[in-house]
Amino acid sequence: MEKLIEKAMTLIEAMPYMQTFRGKTFVIKYGGNAMIDEKLKHSFAQDVVLLRFIGINPVIVHGGGPQIGTTMERMGKKPTFVSGQRVTDEETMDIVEMVLGGKVNKEIVNLINRAGGRAVGLTGKDGGLIQAKKLKMTKRSEETGETEIIDIGLVGEVTEVRPGALEALDAGGFVPVIAPVGVGAHGETYNINADLVAGAVAGALRAEKLILLTDQAGIMDKDKNLISSLNKKKVEDLVHKGTIGGGMLPKTRSCFEALEAGCAKVHIIDGRVPHALLLEIFTQSGIGTEITL
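Computed from a predicted structure; not experimentally measured. (Residues numbered from 1 in each chain as written. Predicted model: local features only at pLDDT ≥ 70, side-chain atom pairs only at ≥ 80, totals over all residues. Heavy atoms only, no water.)

Q: Describe the overall build of the protein, and please don't skip the residues or the numbers.
A: Helix and strand counts for the protein come out as nine helices and 16 strands. Computed over its C-alpha atoms, the radius of gyration of the protein comes to 19 Å, within 12% of the 19 Å expected for a compact globule of 293 residues. Judged by the C-alpha coordinates and their principal axes, the protein covers about 70 × 40 × 35 Å. Residue burial in the protein is summarised as follows: out of 293 residues, 48% are buried. Excluding contacts between residues fewer than 6 apart, the proportion of contacts in the protein whose partners are at least 24 apart in sequence is 73%. (Helix = DSSP H or I, 4+ residues; strand = E, 2+ residues; numbered from the N terminus. Rg over C-alpha atoms; globule rule 2.2 N^0.38 Å. Buried < 20%, exposed > 50% of the residue type's maximum accessible area, 1.4 Å probe, protein only. Contact = heavy atoms within 4.5 Å.)

Structure (structure tokens):
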């Protein structure tokens with residue numbers, strides 16, 4: 001009986017959050033180990049279906065870097081990176097689009113549908129959703145000290161999100177699942193960092209929350225302790241000190257682009273924890289790092 005009462009109390013604790021967030025939009029960046037481990041895949045899909053069932057509108061943006069790398073190697077093409085960005089020639093872009101917009105996207109759609117939801121897969125090309133331009137990268141030459149432009153191919157950055165397709169899917173009760181592929185002014189296809197796409201989508205939709213699933217507990221201090229709450233100034237201080245670096249940098253950039261465009265709050269959470277979404281959203285303490293302006 002005590003265990004049953006405990007379950008009832010868990011529902012009571014979640015009820016105010018359900019009331020507050022009903023009708024709101026959550027943009028969820030899905031990546032890392034949560035996309036690889038079979039149990040985590042299914043718990044993620046269940047979380048998404050529950051959110052939709054109680055009246056929250058989830059929008060999923062997914063990555064797929066490891067899957068792209070594996071497919072490239074099978075096809076005899078070695079992945080190359082510059083400053084964490086995949087060098088993307090036309091052949092690589094074909095592989096990226098095939099893997100992200102095909103295999104990975106449709107697997108996520110199928111998982112959500114099997115869990116009882118109604119998901120629809122998209123890329124940034126569909127409905128002109130993600131408008132993009134070529135990403136310009138620079139570095140300082142060790143020989144001359146001058147700034148040089150690095151061409152890494154068909155890697156893009158978001159210039160505009162046109163959310164009409166997402167709004168139509170939401171009105172129909174569907175869960176959009178977006179592959180981070182954008183389209184340029186002349187119809188060219190761009191590979192875009194999924195964190196940055198998620199931030200741009202969250203800003204365009206003025207989402208209640210942007211939630212980034214990662215392979216760590218959240219943002220950690222220099223002693224590797226979780227920081228539960230941060231604002232922009234504190235994040236900038238941590239970046240300056242080198243406490244935040246590597247793959248967390250595009251995530252924090254995504255956070256502030258979303259917040260400055262009108263997203264209410266951002267969460268960076270550990271996708272390795274089963275039902276991480278529910279634990280972050282429907283409990284008082286949460287499990288990750290909450291970021292505000």
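Q: So what's going on with helix α1 (residues 2-21)? Residues and values would help.
A: In this model α1 runs 29 Å from its N-terminal to its C-terminal C-alpha over 20 residues, within 8% of the 28 Å that 1.5 Å per residue would give. Largest kink in α1: about 35°, centred on Ala 14, with the proline Pro 16 one to four residues after it. Gly 23 sits one or two positions beyond α1 and adopts a positive phi of about 85°. (Expected span 1.5 Å × (residues − 1). Bend = angle between axes of the 7 residues up to and from the residue.)

Q: Quick rundown of the layout of surface pockets? Include the residues and the values.
A: In this model, the largest pocket occupies a volume close to 940 Å³. In terms of lining residues, the largest pocket is bounded by 36 residues, among which Gly 84, Asn 193, Ala 194, Asp 195 and Pro 250 are the most central. Among the secondary structure elements, those contributing two or more residues to the lining of the largest pocket are α3 (65-74), β4 (85-86), α6 (194-205), β13 (209-214) and α8 (248-261). Split by residue class, the lining of the largest pocket holds 16 nonpolar, 14 polar and six charged. (1 Å grid on protein atoms, 1.4 Å probe; cavity = no way out; pocket = protein on both sides within 12 Å on 5 of 7 lines; lining within 4 Å. Points joined across faces, edges and corners; volume = space filled by probe spheres on them. Nonpolar A, V, L, I, M, F, W, Y, C, P; charged D, E, K, R; others polar.)

Q: So, a nonpolar patch on the surface: which residues are in play, and what are the values?
A: Among the surface-exposed residues, Met 1, Leu 4, Ile 5, Met 9, Ile 12 and Met 15 lie close enough to one another that they form a single nonpolar patch of about 660 Å² accessible area. Relative to the helices and strands, Met 15 resides in helix α1. (Patch = residues over 30% accessible without salt bridge, like charges linked within 9 Å, V, L, I, M, F, W, Y side chains within 5 Å. Areas by Shrake-Rupley, 256 points an atom, 1.4 Å probe, with all protein chains shown as cover. Salt bridge = Lys/Arg side-chain N within 4 Å of Asp/Glu carboxyl O.)

Q: How would you sum up the sheet that holds strand β15 (residues 265-270)? Please name residues and give values.
A: Spatially, the eight strands line up as an open sheet ordered β5-β10-β2-β1-β13-β15-β16-β14, and their pairing is mixed. With one partner strand each, in any of the chains shown, β5 (119-123) and β14 (229-231) form the two edges of the open sheet. On average, each strand axis in the sheet is inclined to that of its neighbour by 20°, with strand direction left out of account. (Pairing = 2+ DSSP bridges. Axes fitted to C-alpha atoms, helices over the stretch in contact; angles between N-to-C directions.)

Q: Which residues make up the pairing of strand β16 (residues 289-292), and what values go with them?
A: Burial of the side chains of β16 is restricted to one face: Thr 289 and Ile 291 are buried, whereas none of Glu 290 and Thr 292 on the reverse face is. As paired elements, β14 and β16 share three bridges and run parallel to each other. Looking at β16, one finds that Ser 229 is bridged to Glu 290. Note: β15 against β16, three bridges, orientation antiparallel. Considered in β16, the bridge of Ile 268 is made with Thr 289.

Q: Which residues make up the pattern of salt bridges, and what values do they have?
A: Pairing is possible between side chains of opposite charge, provided their charged atoms come close. The full count for this structure, using the stated rule, is 17 salt bridges. The partner of Glu 38 in a salt bridge is Lys 41, with the nearest N and O atoms 3.1 Å apart. Here Lys 41 and Glu 38 lie together in helix α2 (residues 38-53), a separation of three residues that amounts to about one turn. With its nearest N and O atoms 3.5 Å apart, the salt bridge here joins Glu 91 to Lys 77.

Q: How would you explain the environment of Val 120 if you had to name every residue and give the values?
A: Mapped onto the elements of the fold, Val 120 is located in strand β5. On the basis of relative accessibility, which here comes to 25%, the residue Val 120 falls in the partly exposed class. Measuring from C-alpha to C-alpha, the distance between Val 120 and Lys 134 comes to 27 Å, with 14 residues separating the pair along the chain. Aside from chain neighbours lying at most four places away, what touches Val 120 is Val 109, Leu 169, Phe 174, Val 175, Pro 176 and Val 177.

Q: Would you mind going over the packing of aromatic side chains in detail, with residue names and values included?
A: The tally for this structure, following the rule as stated, stands at two aromatic pairs. Where Phe 21 meets Phe 26, the ring centres are 5.4 Å apart and the plane angle is 70°; that geometry is what we call edge-to-face. In terms of burial, Phe 21 and Phe 26 fall into one category: buried. Seen from their ring centres, Tyr 30 and Phe 44 are 3.8 Å apart, and the 5° between their planes marks the pair as stacked. Here Tyr 30 is found in strand β1 (residues 25-30), whereas its partner Phe 44 is found in helix α2, with 14 residues between them in sequence. When sorted by exposure, Tyr 30 lands in the same class as Phe 44, which is buried. Over the ring of Phe 174 we find Arg 118, and its NZ or CZ is 4.2 Å from the ring centre. Over the ring of Phe 256 we find Lys 232, and its NZ or CZ is 5.9 Å from the ring centre. (Phe/Tyr/Trp six-rings, centres within 6.5 Å; stacked < 30°, edge-to-face > 60°. Lys NZ or Arg CZ within 6 Å of the ring centre and 35° of its normal.)

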